[in-house]
Amino acid sequence: MSFAKINEIYKKYFGSSLPLADNITENTEMVSKTKIEYSDISKYKDGAKLTVKENYVVPAMDSGLVIFAGKKDDYGNTVIVQRPDNVEVWYANLDNIGVSLYDYIKQGELVGEAKDKTLYMVFTKEGKALDYQKYI
């Protein structure tokens, strides 16, 4: 069972993803409600290479749990978000990472920033690459 699914169930029955979260003041807001905007897309390794605007702020496509935030060979700075359906979404070639490991992020929240006009995205499930065209 995925961490994102456990978190979703916990929130359903206990009202928050953290015990005693009602006693914590939360000052976070959704950064963006937009889909990922790009001008060109092509295949890159197991996923896609998107041409985005310079200094592009990358929003999370879906809610989920951050299961990786760091460097990956051939992809650079990468954030992997596991959705409740066990699909893992990779946001790669980021200059700045805006989340931490095990953060639960909501759709539209800041994942990071791609400064050089290139964003790599990969979609996997159970270790197998999925067709990016079904997700972007």
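Described below are features of the structure shown in this document. What you see is a predicted model; the values in this text were computed from it and never measured.

## Quick word on the pairing of strand β4 (residues 64-72)
Note that β4 and strand β8 (residues 104-105) share two bridges and pair antiparallel. The residue bridging Gly64 from the neighbouring strand is Ile105, located in β8. The turn linking β4 back onto strand β5 (residues 76-82) is made up of three residues, and Asp74 within it adopts a positive phi angle of 70°.

## Section: the packing of aromatic side chains
Any pair of aromatic rings gets described here by the distance separating the centres and the angle formed by the planes. For the structure shown, the criterion picks out five aromatic pairs. Measuring from ring centre to ring centre gives 6.1 Å for Tyr75 and Tyr120, while their planes differ by 85°; the resulting arrangement is edge-to-face. In this pair, Tyr75 is assigned in the loop between β4 and β5 and Tyr120 in strand β10 (residues 118-125), connecting sequence segments 45 residues apart. We classify Tyr75 as buried; its relative accessible area is 8%. Taken together, the aromatic side chains of Tyr44, Tyr75, Trp90 and Tyr120 make up a single cluster linked through ring pairs.

## Notes on the nonpolar core
Judged by nonpolar contacts, the single largest core of 23 residues is most densely connected at Ile36, Val58, Tyr91, Val111, Leu119 and Met121. Looking at this core, the elements with two or more residues in it are β2 (47-51), β3 (56-59), β5, β6 (87-92), β9 (110-114) and β10. If we skip the residues at most four places from it in the chain, Val58 touches Ile36, Tyr91, Leu94, Glu109, Leu110, Val111, Gly112, Ala114 and Leu119.

About the criteria used
- Residues numbered from 1 in each chain as written.
- Predicted model: local features only at pLDDT ≥ 70, side-chain atom pairs only at ≥ 80, totals over all residues.
- Heavy atoms only, no water.
- Pairing = 2+ DSSP bridges.
- Helix = DSSP H or I, 4+ residues; strand = E, 2+ residues; numbered from the N terminus.
- Phe/Tyr/Trp six-rings, centres within 6.5 Å; stacked < 30°, edge-to-face > 60°.
- Buried < 20%, exposed > 50% of the residue type's maximum accessible area, 1.4 Å probe, protein only.
- Core = buried A, V, L, I, M, F, W, Y, C linked by side-chain atoms within 4.5 Å.
- Contact = heavy atoms within 4.5 Å.

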